[in-house]
Amino acid sequence: MPARNILVINCGSSSIKFALVNEAQPDFILSGLAERLASPEAVLHWQHAGNKDSLLLQGGDHRAALAQLLPLVQSAAGGQLHGIGHRVVHGGEQFTSACLIDPLSLLAIRATAPLAPLHNPANLLGIEAALKLFPELPQVAVFDTAFHQSLPEHAFRYAVPEALYREHGVRRYGFHGTSHRFVSQRAAEMSGLAFADSSWLSAHLGNGCSTCAIVNGQSRDTSMGLTPLEGLVMGTRSGDVDPNLHGHLARTLGWSLERIDSLLNKESGLLGLSGLSNDMRSLEQARAQGHVGATLAIEVFCYRLAKSLAAMSCALPRLDGLIFTGGIGENSPLIRSKTLAYLKLFNLALDETANAACTRGAAGPIHAPGSPRVLVVPTNEERQIALDTLALLDA
Ligand code: AMP
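Here the structure is a predicted model, which means the values were calculated and not measured.

Explain the overall build of the protein here, please?
Along the backbone of the protein there are 15 helices and 14 strands. Relative to the globule expectation of 21 Å for 395 residues, the C-alpha radius of gyration of the protein, 21 Å, shows essentially globular dimensions. Split into buried and exposed, the 395 residues of the protein put 49% on the buried side. Of the roughly 17800 Å² that the protein leaves accessible, carbon and sulfur atoms contribute 54%. Each charge class in the protein can be summarised by its mean position, and for the 30 positive and 34 negative side chains these summaries are 3 Å apart.

What exactly am I supposed to notice about the environment of threonine 252 here?
Residue placement: threonine 252 occurs in helix α7 (residues 245-253). When its relative accessible area of 49% is taken as the criterion, threonine 252 is described as partly exposed. At 2.6 Å, the side chain of threonine 252 forms a polar contact with the backbone oxygen of histidine 248.

Even after reading the chapter, I still don't get the sheet that holds strand β9 (residues 199-205), so can you show me in this structure?
By definition, the strands of a sheet pair up through backbone hydrogen bonds, in either a parallel or an antiparallel sense. Taken in spatial order, the 6 strands make up an open sheet running β11-β10-β9-β12-β14-β13, and their pairing is mixed. The open sheet terminates on both sides in strands that have one partner only, identified here as β11 (218-222) and β13 (364-365). Here strand β10 (residues 209-215) pairs with β11 via 4 bridges, running antiparallel. Residue pairing for β11: cysteine 212 is matched across the bridge by threonine 222.

Help me understand the packing of helix α2 (residues 103-111) against helix α3 (residues 120-133), please; the structure alone is not making it clear to me.
Between two packed helices, both the angle of their axes relative to each other and the distance between the axes serve to describe the pair. Two elements in contact, α2 and α3, have axes separated by 10 Å at closest approach and are oriented at 155°. In terms of orientation, α2 and α3 fall into the roughly antiparallel class. Once α2 is placed against α3, the crossing between them reads as left-handed. Taking contact as the criterion, the partners of Leu106, Ile109 and Arg110 in α2 are, on α3, Asn120, Leu124, Ile127, Glu128 and Leu131. Class assignment of the residues belonging to the contact of α2 with α3 gives a composition of 5 nonpolar, 1 polar and 2 charged.

I tried to follow the state of the cysteines on my own but got confused; where do I start?
Here a disulfide denotes a covalent bond joining the sulfur atom of one cysteine to the sulfur atom of another. Applying the stated rule across the entire model yields 0 disulfides. Take cysteine 11: it sits in no disulfide, and the sulfur closest to it among the cysteines is that of cysteine 99, at 16 Å. On the accessibility criterion, cysteine 11 (4% relative accessible area) is buried.

What am I meant to see in the packing of helix α10 (residues 280-288) against helix α13 (residues 333-341) here?
Interaxial distance between α10 and α13 falls to 11 Å at its minimum, and their mutual angle equals 75°. Put simply, α10 runs roughly perpendicular to α13. Contact residues: α10 offers Met280, Glu284 and Arg287, while α13 offers Leu334, Ile335 and Lys338. Here the contact of α10 with α13 is composed, by residue class, of 3 nonpolar, no polar and 3 charged.

Looking at this structure, how should I read the nonpolar core?
Across soluble globular proteins, nonpolar side chains show a tendency to be buried alongside one another. Core analysis: the biggest nonpolar cluster contains 38 residues, and Leu205, Met280, Phe301, Leu305, Phe324 and Ile335 have the highest contact counts within it. Those elements that place two or more of their residues in this core are β9, β10, α10, α11 (292-312), β12 (321-325), α13 and β14 (374-376). Here the element with the most residues in this core is α11; it accounts for 9 residues. If you look at the next biggest cluster of nonpolar residues, it comprises 26 residues, including Cys11, Ile16, Ala76 and Phe134.

So what exactly am I meant to see when it comes to the site of the ligand here?
Neighbouring the ligand are the residues Gly206, Asn207, Asn278, Asp279, Met280, Arg281, Glu284, Gly326, Gly327, Ile328, Asn331 and Ser332. Between the ligand and the protein, one listed contact pairs an oxygen atom with a backbone N or O atom of asparagine 207 at 2.9 Å. Here an oxygen atom of the ligand and a backbone polar atom of methionine 280 are 3.0 Å apart. Residue assignment for the shell around the ligand shows that the elements contributing at least two residues are α10 and α12 (326-331). For the shell around the ligand, the element with the most residues is α12, which contributes 4 residues. A class-by-class count of the residues in the shell around the ligand yields 2 nonpolar, 7 polar and 3 charged.

I keep staring at the pattern of salt bridges and nothing clicks. Help me out?
As a working rule, side chains carrying opposite charge can pair if their charged atoms are close by. All chains considered together, the criterion is met by 17 salt bridges. With a shortest N-O distance of 2.6 Å, aspartate 144 and arginine 87 are connected by a salt bridge. Taken together, the residues aspartate 144 in the loop between β8 (139-143) and α4 (153-156) and arginine 87 in strand β6 (residues 83-88) connect sequence positions 57 residues apart. Assigned by exposure class, aspartate 144 and arginine 87 land together as buried. Within this structure, Arg4, Glu23 and Asp394 form a network of salt bridges that share partners.

Help me understand the UniProt feature "binding site: substrate" (unreviewed entry) in the protein in this model?
Those places that UniProt annotates as "binding site: substrate" (unreviewed entry) correspond, in this numbering, to Arg87. If sequence neighbours within four positions are ignored, arginine 87 has contacts with Ile9, Asn10, Asn123, Val142, Asp144 and Ile385.

Help me understand the sheet that holds β8 in this model?
Reading across the sheet, the 8 strands line up as β5-β4-β3-β2-β1-β6-β8-β7 and stay open at both edges, with mixed pairing between neighbours. Here the strands that pair on one side only, and so sit at the sheet edges, are β5 (51-56) and β7 (99-100). When strand β1 (residues 5-11) meets strand β2 (residues 16-22), the two strands line up antiparallel, connected through 7 bridges. Paired with valine 8 across the two strands is alanine 19, which belongs to β2. Across the sheet, α3 is in contact with β1, β6 and β8; its angle to β6 comes to roughly 165°. Packed on one face of the sheet, helix α15 (residues 381-394) meets β1, β2, β6, β7 and β8 and runs near 125° to β1.

How each quantity is defined
- Residues numbered from 1 in each chain as written.
- Predicted model: local features only at pLDDT ≥ 70, side-chain atom pairs only at ≥ 80, totals over all residues.
- Heavy atoms only, no water.
- Helix = DSSP H or I, 4+ residues; strand = E, 2+ residues; numbered from the N terminus.
- Rg over C-alpha atoms; globule rule 2.2 N^0.38 Å.
- Buried < 20%, exposed > 50% of the residue type's maximum accessible area, 1.4 Å probe, protein only.
- Areas by Shrake-Rupley, 256 points an atom, 1.4 Å probe, with all protein chains shown as cover.
- Lys, Arg positive; Asp, Glu negative; His and termini not counted.
- Charge placed at Lys NZ, Arg CZ, Asp CG, Glu CD.
- Polar contact = N/O pair within 3.5 Å; in protein donor to acceptor, adjacent residues only side chain to side chain.
- Pairing = 2+ DSSP bridges.
- Axes fitted to C-alpha atoms, helices over the stretch in contact; angles between N-to-C directions.
- Parallel < 35°, antiparallel > 145°, perpendicular 65-115°, else oblique.
- Left-handed = near helix turned anticlockwise from the far one by under 90°.
- Contact = heavy atoms within 4.5 Å.
- Nonpolar A, V, L, I, M, F, W, Y, C, P; charged D, E, K, R; others polar.
- Disulfide = S-S within 2.5 Å.
- Core = buried A, V, L, I, M, F, W, Y, C linked by side-chain atoms within 4.5 Å.
- Near = heavy atom within 4 Å.
- Salt bridge = Lys/Arg side-chain N within 4 Å of Asp/Glu carboxyl O.
- UniProt positions renumbered as here; feature names shortened; annotations may be inferred.

Take a look at the structure:
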C-alpha cells in the first residue's frame, strides 16, 4: 500500500492552520495558514516544496478558504488524499480518544460547546465546511482534552459542591493533550524506554503553557483545568490567581465579568507582568538590556513553572525525565536553565553546552552526566493528529 496523505485542520474563530502530512515523510508536503477570515483582509498563506505563496480571499470565510485550499491539497497530494484530521479543543468527558466524525459524534461535539465557547464553535465551522467540500473522505476529530481523561478523580475534581460537577461538568479537563502525548512517547523512544513503563514530567511552553505528569503512557495530572486559563503564566493569560480576584475587581472597581475575562485572558501573563510584550523572544532581548518588567516577567514565569512541575511530581512513582517543548521550551536555553535553578531538590543538572545548542527544532538530552534526564523534544501536533486519523481509518 502506498504511504497515505492526511490533511490536518486546526480552525480558530478567524483562522485555519493546515498541514498535509504523508505517513512516510517527516516534513509536511504542504502547510499554511488562512487568517483574518470573513474580513476584507482575509488571506491564505502556504508553503509547498520550498516555495511560499499567498492569495487574498476578499472577505472569504472558513468555507471559502477551504475551497481555495482544495485544489492546492489535491495537487500537492497527487490526487491521493485519504482523510482529514480536525483538531477539536474540548471533548468533555465524552471523548477519551479521537473519533470518526458522523452525525452522532457531531452532536456530541456541539454539546460540549458551552465548555469551550471560544474554541469549539470555531472547530465546528471547519468540520462543517470540510464535510461539505470533501463529503467522500473519512474525517476524524482529535481532542486536546482526550489524553487527560485518564486523570484520577482526586486530580480532576475541584473542591466545590459535587452538584456543580455532576450537573454542570465543572471539573479539571486539561488541554495540550495531543502535544504532551506526542512528546512523552518520543522521549521514551529517544531514551530506549517502553512508553507503557515510563514516568515523565512535560512542560509545553508556547503562547499557551501547561505541565503534565505522564505515567505508563497515561496523563495522571496536568496544570490546565476547566479552561486553558488555569496553571502557568502564559503569553497573555494570567494562569492561577486567587479565585476571589473576580469578586474583588467587581466590588472595588465595578468591573463586569467580560472585562475581567478579557483582563485575565488577553492582557495578563508575560504581557501584563512586563508591560512590554507577550513574546518570550522580545522579553529575553529586553531583559538583556536591563528592562525591569521583562526581567520580572521571566522570573515569575520560571518560578511558577518550577512550582507547577514540583506539584506534578506528586503524580509520579519515579522520574524518568523532564521534557521541554513548545516554542519557548524548544528554543530558550535561558528559560530551561532558570526553571531548573528553582527545582534544586530534584537534583537536575544541565549540560550548558548541550542546553545552548538545543534550539530550532533540535531534539536531545541536555542534562549533565549523573543527572536525571532532561530532554528537549520538538512537538508535532499535526503529525500526532494525522497518526490518530490513520489509526481510526485502519480500525
Ligand atoms: P508557540 O505558541 O509554540 O509557537 O510558541 C510561541 C512562543 O515561543 C513565543 O513566546 C515566542 O517568543 C517563543 N519563542 C520562539 N522562539 C524563541 C527563542 N528563540 N527564544 C525564546 N523564545 C522563543
